[in-house]
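Below are the chains, spelled out letter by letter.
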Number of protein chains: 2
Amino acid sequence: MKPGYKAIYEQYRQSILRGILKPGDKLPSVRLLASELGVARKTVESAWAILVGEGYLVSQGARGTRVNPDLLNLAKKYPVIGEKPTPTTAGFGKSLRDRPGFLRLGIPSLDAFPYKKWLLLSGKAVRAMRPEEMTQPPLMGYAPLREALAHYLNISRGLSCSPAQIFITSGYQNNLRLILNTLANQRDKVLFEEPGYFLGQQLLKRAVQRLHRVPVDNQGLQTEYLQQHHADARLVFVTPSHHSPLAVTLSLPRKHQLLEWARQNESWIVEDDYDGEFHYTRQVLPALKSLDTHDRVIYMGTFSKTIMPALRISYLVLPHKLVDSFRAQAEHSEGGQPVLTQKIVASFLREGHFFRHLKKMRALYSRRRKNMLAALAEVYPEIFTVEVTDGGMHIIAYLRSGTQDEEMAALWQTHQLQVSPLSIWYQNTPKRYGLIIGYTNVATFAEAVALLQRPAQMTRALAGK
Amino acid sequence: MKPGYKAIYEQYRQSILRGILKPGDKLPSVRLLASELGVARKTVESAWAILVGEGYLVSQGARGTRVNPDLLNLAKKYPVIGEKPTPTTAGFGKSLRDRPGFLRLGIPSLDAFPYKKWLLLSGKAVRAMRPEEMTQPPLMGYAPLREALAHYLNISRGLSCSPAQIFITSGYQNNLRLILNTLANQRDKVLFEEPGYFLGQQLLKRAVQRLHRVPVDNQGLQTEYLQQHHADARLVFVTPSHHSPLAVTLSLPRKHQLLEWARQNESWIVEDDYDGEFHYTRQVLPALKSLDTHDRVIYMGTFSKTIMPALRISYLVLPHKLVDSFRAQAEHSEGGQPVLTQKIVASFLREGHFFRHLKKMRALYSRRRKNMLAALAEVYPEIFTVEVTDGGMHIIAYLRSGTQDEEMAALWQTHQLQVSPLSIWYQNTPKRYGLIIGYTNVATFAEAVALLQRPAQMTRALAGK
C-alpha cells in the first residue's frame, strides 16, 4: 500500500486544514519522508509541488519546506466536512477541573516554590540517567525514593516504617484502586466520613456496593458509631490530621478507639494524611499510623500538596503483613511510575530541600490564612462565619443562614473563583452550608479582599442581605 | 506530643539500625530539626550527644553531623526484634518483572538510544517549566503532545485523527481500564486473540466475566469466527500489524471483514499497535484505524517500545463519538500523566528526532534479528525452528518436537535469559510450544551465540537430543 503523490498531498493538505500542522511548522525533509513512507523522493516532491502551488506550503530552498506562515486560523475558517468541528487548540478536551481560576482547593503556593533548586536537581537527575533506568520502572517504586521517604516519614510524621513498606503511586485514584482491589470484594462494607472528601466519595460510590457514612463532629470521626454499628466493616477511610473538608483533628481518645476497633474486628484503617504537614496553631502532630501497634493502618500521603500536583507522585505505607498481597495485586494492575520524576523527588528529599520547603510553606500559609480570614470578615461579615482550626490549605466560609451554597459557588465560579460548595461533600442530612476556599495562592490581604469583592453584589443578593 | 531527647535518640538510632539512615549520611542541622519538631535545640543536641557517644553519629563541627561512616552493614547484623526482617536495599520489594537479564521481550535497544539529544530536550523541558504547569495535569494529556502525536500518527501510521481524539495514558493497564470502564459492563462479551498477549489476557481474565478467545492463523485473527459466533460481542482486542506473539499480519480482506463485523453489530475494535513501527521485509503498513470509515476502532499505541518503558507514556486514539464518554469516565478515575515527561516527549516528536530514531532502530533491529536467527540456527538446529515474519521486536523459537517449553524457559531464566514460554500465551488446546526471544539488546552475532550457548547442555538434555 505505497502511497502515491496524491495520497501524500491529501494527507498533508488535511493536516494543515485541520490545524494539526500549523502556519510556520517545518516539514520533514523529502529524503526522510520518502524513506519513511517507502516511496521515491520524486513522489514526495510532486505532492509538495502541488501544495506549494496551492499556497499551503512555502519552500525555503536549503532551509527546507514549511507550512505557509500566512495561513492564520485556517482550521477555524474551513471546518472539514463530515466530522465533528475540530475545536481550537486551546479549548480541546477541556475537563472541568482544567478550568483556570483562583481560590482553588489543594493547590500549593506556586509563587513560593524553590524553582532554582528544583531545576538544578531535575537537570542532575536527567544527566544521571542510566540505561538500566530506561526499562520498566520498579513496580513498587524507585528504591532511593522509598528510602528517602521512609526517613522523612519516620522523622517528621512519627512513623516507624521501612522502605519495603512503601508503595509509590500516581495519586488518590491509584491509591484507592490498589487498596480496594487488594483488600475488598464487592460485598464488603466500606466506611467513609460524613462529610468527606468529594472525589473520594465519588470514586467509592462507583466502586463499592455497601458504602456507609460515619458522621464527623469537632473531635473528628465519631468512633463510637463504629463499635455500635460497624463491627463488620472491612475498611474505613479517615483523615485524622485535618479532616477533609472540616479540618478538625481526630482526638487522641478517638484515635485509640479507632485502632482498637480495627484490632478487634480485623478491619483496615486507611489514613489519608493529605495535608498533615501544614499545621499552624500547635506543634506537629504525629500521624495516626505512628500509634499503629497492631499493624492495621494503611497510610496514604502525596507530594501534590507539598511539591506540585503536576508530579503525579503519591505513596502508601503498608502494614508489614499486607506488603506481599499489594505486590501480588500490582503485578497485574500496575506499571510503576516514571523513573525521572521519582529521581527528582528522591534527591529533593535526600538533600534536605523538602524539609526546608515545608518549613517555609508552613510559615507562608499561616500568614496567607490569616489574610484570607481577615478579608472574609472585612468583605462579608454579615454572610459568612468561620471556625478556626489547626491547619490545612483551605478555610470554610460557613453561611450564617440559608442553604444556597451551590448557587453561590456557581456564581463565584463565573468570576473565576473556583470554590466548592460544602453541602455537596455531604451524603445525608443534616448538612452544613458554606464555601470551601483555597488561600495558598493569594499573596496579600489586599489581593484577598479584591478577589472576594468580585461577586460581592450578587452574593449579598443571593444571601438576601 | 513534643518529643523529648529520648524519643529523638530512639528514632534516629532505629533509623540507623534498620539501614534507613546509611553510614556517611548527613543529618539535618540541629536548628532545623528542632524547629521542625517544635523542641528546643538543646533537646536535639542532647539526643545527638548520646548517639555520638554510642558511636552512631560523628560530629564534624561546622560541617555538620553524619552517620558514622564506619558502621557498615549494620542493618544486616542487628535485625530489629518484633518485625519481619528488613531486606537489604538491593532486594526489597522485587517484583518478578524487575529481575535483571537478557533476551527480555519488548525492551527497546538501550545502547542505541540518542542520549545526548534526549538529555538536551529534557534539560530544556525542565527549564521551561511554568507555574501553571505545576498544577494538575490536563486530564486527557498535555496539548502540545496530543498535537505532535496526531501529526505523527497521520503521517506515519496513515491515521486521520485530530488532537482532540487523543488520550495520553500511562500504559497498557491504564488503557484497558479506561476502555473497559467506559464501554463494557460486567455482562458484556469481550474477545481476545488465541494465542494472545500474556499480560492482556491476565488482566482481562480478572476484569471480564464473558471473555472468549478467537483463534489466530498465519493471516491473523480468524475473522469468519466473529461473524459466525460472536455477533453479540461488545469488544474485540486485536494486534493487526504484528500479532502478539506470533508476529503475523492481519490480511487486508480480514481487516475489512473485521471492520464490517463491528459496523453491523455496533461492536468496538481495540487495535493494539504496540510495535507496528518496526517492519523489515516490506514497506510500512498503515494501521487498521486508517481504514476505519465507520468510527469503530480505538487505537492503542505506546512509547515504551519506541522510546523507553521507564517513561510510562502511552496513548489512545478514540473514535469521534467516544471522546465525550471517555472524558466523563476519566473525570472520576484518572488524574492525568506527569507534565514533565509529556513535555520531553512532545519536543522529541516535534523536532523530528522521533522520526529519525525510529528509522535508525528499524535498520538496527533488522540486523539484530538476522543475527539472532542465525545464532539460533547455529546453536540449536536440531531443537528449534522459526517462521520468518515481517517485523516486531522478538522472534519465536518453536520447539521441533515436545511440549516442554515452560521447563525450558525456567531453565534459561536460571542463566539470566528472560525468555517466555509460548504455550502460556494460549488458553485452549491445541497450543504451540517454543520460546519467545527478545533480540533488540543483543549487539552482535557472537554475543547472540554466546548467550544462547549458556544453557545449551541442559536444553539438549531437556529436548532429548
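Residues numbered from 1 in each chain as written. Chains lettered and ligands numbered in written order. Predicted model: local features only at pLDDT ≥ 70, side-chain atom pairs only at ≥ 80, totals over all residues. Heavy atoms only, no water.

1. A word on the overall build of chain A
Next, step 1: Regarding its fold elements, chain A presents 16 helices and 14 strands.
Next, step 2: The dimensions of chain A, computed from C-alpha atoms along their principal axes, are 80 × 60 × 45 Å.
Next, step 3: Within chain A, the proportion of its 465 residues that are buried is 60%.
Next, step 4: Counting only contacts in chain A whose residues sit at least 6 apart along the sequence, the fraction spanning at least 24 positions is 73%.
Next, step 5: Just so you have it, chain A exposes about 18300 Å², and 53% of that area is on carbon and sulfur atoms.
Next, step 6: Chain A carries 59 positive and 39 negative side-chain charges, and their two centres are separated by 6 Å. (Helix = DSSP H or I, 4+ residues; strand = E, 2+ residues; numbered from the N terminus. Buried < 20%, exposed > 50% of the residue type's maximum accessible area, 1.4 Å probe, protein only. Contact = heavy atoms within 4.5 Å. Areas by Shrake-Rupley, 256 points an atom, 1.4 Å probe, with all protein chains shown as cover. Lys, Arg positive; Asp, Glu negative; His and termini not counted. Charge placed at Lys NZ, Arg CZ, Asp CG, Glu CD.)

2. Considerations on the environment of A:Leu252
Next, step 1: Looking at the secondary structure, you find A:Leu252 in helix H10 (residues 252–265).
Next, step 2: Each C-alpha atom, one on A:Leu252 and one on A:Pro240, is 9.8 Å from the other, the two residues being 12 residues apart in sequence.

3. With respect to the sheet that holds strand S6 (residues 220–221) of chain A
Residue and element names in this part refer to chain A.
Next, step 1: Reading across from one edge, S3-S10-S9-S8-S7-S4-S5-S6 is the order of the 8 strands in this open sheet, with mixed pairing throughout. In this open sheet, the two edge strands, each paired with only one partner strand, are strand S3 (166–169) and S6.
Next, step 2: Direction of pairing for S3 relative to strand S10 (residues 314–317): antiparallel, over a ladder of 4 bridges. Paired with Ile 168 across the two strands is Tyr 315, which belongs to S10.
Next, step 3: The strands touched by helix H8 (residues 198–207) are strand S4 (189–194), strand S5 (210–217) and strand S7 (235–238); relative to S5, the strand with the most contacts, the crossing angle is about 155°.
Next, step 4: Docked against the sheet, H10 engages S4, S5, S6, S7, strand S8 (268–272) and strand S9 (297–302), running at close to 140° with respect to S8. (Pairing = 2+ DSSP bridges. Axes fitted to C-alpha atoms, helices over the stretch in contact; angles between N-to-C directions.)

4. Some details on the relation of the copies chain B and chain A
Next, step 1: Its rotation angle being 180°, the transformation that places chain B on chain A also includes 0.1 Å of axial translation and leaves an RMSD of 0.1 Å. Here the two chains are linked by the operation of a two-fold rotation axis. If distances are taken from each C-alpha of chain B to the rotation axis, the shortest is found for B:Gly123, at 2.9 Å.
Next, step 2: Interface residue correspondence from chain B to chain A reaches 100%, placing this contact among same-surface, isologous pairings. (Least-squares fit on C-alpha atoms with pLDDT ≥ 70 in both.)

5. Concerning the interface of chain B and chain A
Next, step 1: Taken together, the contact pairs 95 residues of chain B with 96 residues of chain A.
Next, step 2: Between chain B and chain A, roughly 8800 Å² of surface is buried when both sides are summed, and carbon and sulfur atoms account for 63% of that area.
Next, step 3: At the junction of chain B and chain A, the tally comes to 2 salt bridges.
Next, step 4: Joining chain B to chain A, the criterion identifies 22 residue pairs in polar contact (both at pLDDT 80 or more). (Buried area = accessible area lost by both parts, 1.4 Å probe. Salt bridge = Lys/Arg side-chain N within 4 Å of Asp/Glu carboxyl O. Polar contact = N/O pair within 3.5 Å; in protein donor to acceptor, adjacent residues only side chain to side chain.)

6. Things to note about the packing of aromatic side chains
Next, step 1: Tallying each qualifying case throughout the model produces 34 aromatic pairs over all chains.
Next, step 2: An angle of 85° between the planes, with centres 5.5 Å apart, marks the rings of B:Tyr380 and B:Phe384 as edge-to-face. The pair B:Tyr380 / B:Phe384 is uniform in exposure class, with both members buried.
Next, step 3: The ring of A:Tyr398 has A:Arg432 lying over it, and the distance from NZ or CZ to the ring centre is 3.9 Å. (Phe/Tyr/Trp six-rings, centres within 6.5 Å; stacked < 30°, edge-to-face > 60°. Lys NZ or Arg CZ within 6 Å of the ring centre and 35° of its normal.)

7. Things to note about the nonpolar core
Next, step 1: Ranked by size, the top nonpolar core spans 191 residues in total, and within it A:Trp412, B:Trp48 and B:Trp412 carry the most contacts.
Next, step 2: The contacts of B:Trp412, once residues within four sequence positions are left out, are B:Leu103, B:Tyr380, B:Phe384, B:Leu417, B:Val419, B:Leu435, B:Ile437, B:Leu452, B:Pro455 and B:Thr459.
Next, step 3: By size, the runner-up hydrophobic cluster in this structure holds 28 residues, among which are A:Met140, A:Leu176, A:Val190 and A:Val323. (Core = buried A, V, L, I, M, F, W, Y, C linked by side-chain atoms within 4.5 Å.)

8. Digging into the sheet that holds strand S13 (residues 420–421) of chain B
Strand pairing in a sheet takes place through backbone hydrogen bonds and is either antiparallel or parallel in direction.
Residues and elements named next belong to chain B.
Next, step 1: A sheet is described by the order of its strands in space; here 4 strands give the open sequence S11-S12-S14-S13, paired in antiparallel fashion. In this open sheet, the two strands that pair with only one neighbour each are strand S11 (384–385) and S13.
Next, step 2: Bridge count between S11 and strand S12 (residues 394–399): 2 bridges; the pairing is antiparallel. Opposite Phe 384, over in S12, you have Leu 399 as the bridge partner.
Next, step 3: Helix-sheet contacts for helix H13 (residues 353–379) involve S11, S12 and strand S14 (434–438), and the interaxial angle to S12 is about 15°.
Next, step 4: Relative to S14, helix H14 (residues 405–414) is tilted by about 35°, and along the sheet it contacts S11, S12, S13 and S14.

9. Things to note about the confidence of the model for chain A
Residues and elements named next belong to chain A.
Next, step 1: For chain A, the average pLDDT comes to 88, and 93% of its residues sit at 70 or higher.
Next, step 2: In the model, residues 73–94 has pLDDT below 50 throughout and makes 31 contacts with residues more than four positions away in sequence or in other chains.
Next, step 3: The complex prediction reports pTM at 0.82, with the ipTM value standing at 0.80. (pLDDT = per-residue confidence, 0-100.)

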